[in-house]
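Single-letter residue listing:
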Amino acid sequence: MKGIVFKEFADMVEATFGEEMLDTVIENSDLPSGGVYTSVGTYPHTELVSMVVTLSKETDIAVQDLVQAFGKFLFGRFLVLFPIFFEHKTSFEFLASIHDVVHVEVLKLYPDAELPDFIGELSEDGRTLHFEYHSHRHFADLAIGLMRGTFEHWNETVEIEMEDRSTDEKQVVMFICKRID
Amino acid sequence: MDIFDLAKKAKIKKSESDPQKELENKFVRLDRKFNREKMARVQAEEAIEEISRNLYLANQEINSSNQELVKLNEELSSTMSKLTSAELRRKSIIITLIVAGLLFIISEFAIEPVLEKEIDNKIILILLKLLILGMLVPIEIIVSKILESNISKDDEINESMYQKILEAAYEDGIITDMERSVLRSSAKQLGISKNRAVELEEIYL
């Protein structure tokens, strides 16, 4: 997983809970990197899982809630760091472009990035998006947070339904996003 | 729910109440943070150095391929020039042979019977035949000139092609080293002199 995700997570913890909490999370998690991250580096995703679990213990907030909230926070940061990717008219247009446009550009910047598959299909009336998420890292909750950030950015009300189709090897989730505004 | 809303619900253990102890803890935490930032900077510098080295090597490879390309273009240009000249020569010989054949037929069936009837002197007859043969030389020269004038029409086509290459090179407003090298070898290949290439570029700009 690219270091930018870890850096943003650390920044989020520090900005929200303070530098003492960030220190506690890093010290109490099993981090082979020692909590030293650079945006361009690549680190095991298990370090992020470990930090989230520690943060959950320290704050008594459910892991799922924390991961989703981090996804939303991360979307806001991507918006600031890479505004060029978000010039679409609607959130569905943006989500449908992730696999073939955004991820292609990300791979140009970070050739070693291991990206999840996001295969989106827009309905004919443009009001429903079927969206398949494939990943070995089981971060569907992060995807939900990112989607919530997306809908909020475009000021749209969208209902997200999840259908778990995971296997032992990888997480496969079908998201059905319906516009209700 | 965003992270700030969640933070309001968080149940966090209270930190050290002794101000002195808390200050010491804070110092330790900040020291750890400082060391992490320092390590991250070192890692970032190492990453930049590696990227920079890879870019340098890739650039070297591009330069080397470019030089090979220029060399190949020059060889191609020289071969094309030889081929053009051989083709000209072949055309010129064919035309001269056709004219010689015509002259032979005219001379054999129209001029010679008349001359043999009118002139008894064999030497003068041979001299006249040699004169007819000698006419072939200026004919070949004239044919070559005509073919060369057609080549000058080809030059116009070549210049127009060069202008198109110029347009493509200037599309982004910048001429890179590679584009400059391609322009040079294209000019050479199209038979455009260095001065003429500069003139064409000035006209384009």
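Please refer to the structure higher up on the page.
This structure is a prediction, so every number in the text was calculated from the model and none was measured.

A.B. asks: Can you lay out the sheet that holds strand β1 (residues 117-122) of chain A for me, pointing to particular residues and giving the numbers?
C.D. replies: Residue and element names in this part refer to chain A. In spatial order, the strands read β1-β2-β4-β3; together these four strands make up an open sheet with antiparallel pairing. Of all strands in the sheet, those bounded by a partner on one side alone are β1 and β3 (158-164). Put simply, the sheet's adjacent strands are angled 20 degrees from each other on average, direction ignored. Here strand β2 (residues 128-135) pairs with strand β4 (residues 171-179) via eight bridges, running antiparallel. Bridge pairing links E132 to M174 in β4.

A.B. asks: Any chance you could break down the interface of chain A and chain B for me, citing the residues and the numbers?
C.D. replies: If you look at the interface, chain A gives 22 residues, while chain B gives 20 residues. Elements represented by at least two residues in the side of chain A that touches chain B include exactly α1 (3-17), α2 (19-28), α3 (45-59) and α4 (63-81) of chain A. Sorting elements by how many residues they give to the side of chain A that touches chain B places α4(A) first, with six residues. A class-by-class count of the residues in the side of chain A that touches chain B yields 10 nonpolar, five polar and seven charged.

A.B. asks: For the packing of helix α2 (residues 19-118) of chain B against helix α3 (residues 122-134) of chain B, give the residues involved together with the corresponding values.
C.D. replies: All names here are of chain B. One can describe the packing of α2 onto α3 by two numbers: an axis separation of 12 Å at closest approach and a directional angle of 155 degrees. The pairing of α2 with α3 is recorded here as roughly antiparallel in orientation. For the pair α2 and α3, the crossing hand works out as right-handed. Side by side, α2 and α3 meet where L103, S107, L115 and E116 of the first sit next to L125, L128, K129 and I132 of the second. Here the residues of the contact of α2 with α3 sort into five nonpolar, one polar and two charged.

A.B. asks: Residues and numbers for unusual backbone geometry, please.
C.D. replies: Residue and element names in this part refer to chain A. At D60, a position not held by glycine, the phi torsion is positive, near 65 degrees. Residue position: D60 is located in the loop between α3 and α4. With 11 C-beta atoms counted inside 10 Å, the residue D60 sits in the exposed group. In this structure, N155 takes a positive phi of about 55 degrees despite not being glycine. With respect to the secondary-structure elements, N155 resides in the loop between α6 (140-153) and β3. C-beta crowding within 10 Å serves as the criterion here: with 8 such atoms nearby, N155 is assigned to the exposed category.

A.B. asks: So what's going on with the nonpolar core? Residues and values would help.
C.D. replies: Residues and elements named next belong to chain A. Ranked by size, the top nonpolar core spans 43 residues in total, and within it V13, F70 and A143 carry the most contacts. Among the elements of the structure, α1, α2, α3, α4, α5 (91-109), β2, α6 and β4 are those that each provide at least two residues to this core. Examining the composition of this core, we find that seven residues originate from one element, α6, more than from any other. Both domains that furnish three or more residues to this core are identified here as domain 1 (3-61) and domain 2 (82-179).

A.B. asks: With reference to specific residues and values, describe α1(A).
C.D. replies: Residues and elements named next belong to chain A. Across its 15 residues, α1 extends 21 Å between first and last C-alpha, which sits within 8% of the 21 Å expected from 1.5 Å per residue. Among the residues of α1, those classed as buried are G3, I4, F6, F9, M12, V13, T16 and F17. Trailing α1 by a residue or two, G18 shows a phi angle of about 100 degrees, which is positive.

Conventions used here
Residues numbered from 1 in each chain as written. Chains lettered and ligands numbered in written order. Predicted model: local features only at pLDDT ≥ 70, side-chain atom pairs only at ≥ 80, totals over all residues. Pairing = 2+ DSSP bridges. Helix = DSSP H or I, 4+ residues; strand = E, 2+ residues; numbered from the N terminus. Axes fitted to C-alpha atoms, helices over the stretch in contact; angles between N-to-C directions. Contact = placed C-beta atoms within 7 Å. Nonpolar A, V, L, I, M, F, W, Y, C, P; charged D, E, K, R; others polar. Parallel < 35°, antiparallel > 145°, perpendicular 65-115°, else oblique. Left-handed = near helix turned anticlockwise from the far one by under 90°. Buried ≥ 20, exposed ≤ 12 C-beta atoms within 10 Å, placed from the backbone. Core = buried A, V, L, I, M, F, W, Y, C linked by C-beta atoms within 7 Å. Domains from an automatic or database assignment. Expected span 1.5 Å × (residues − 1).

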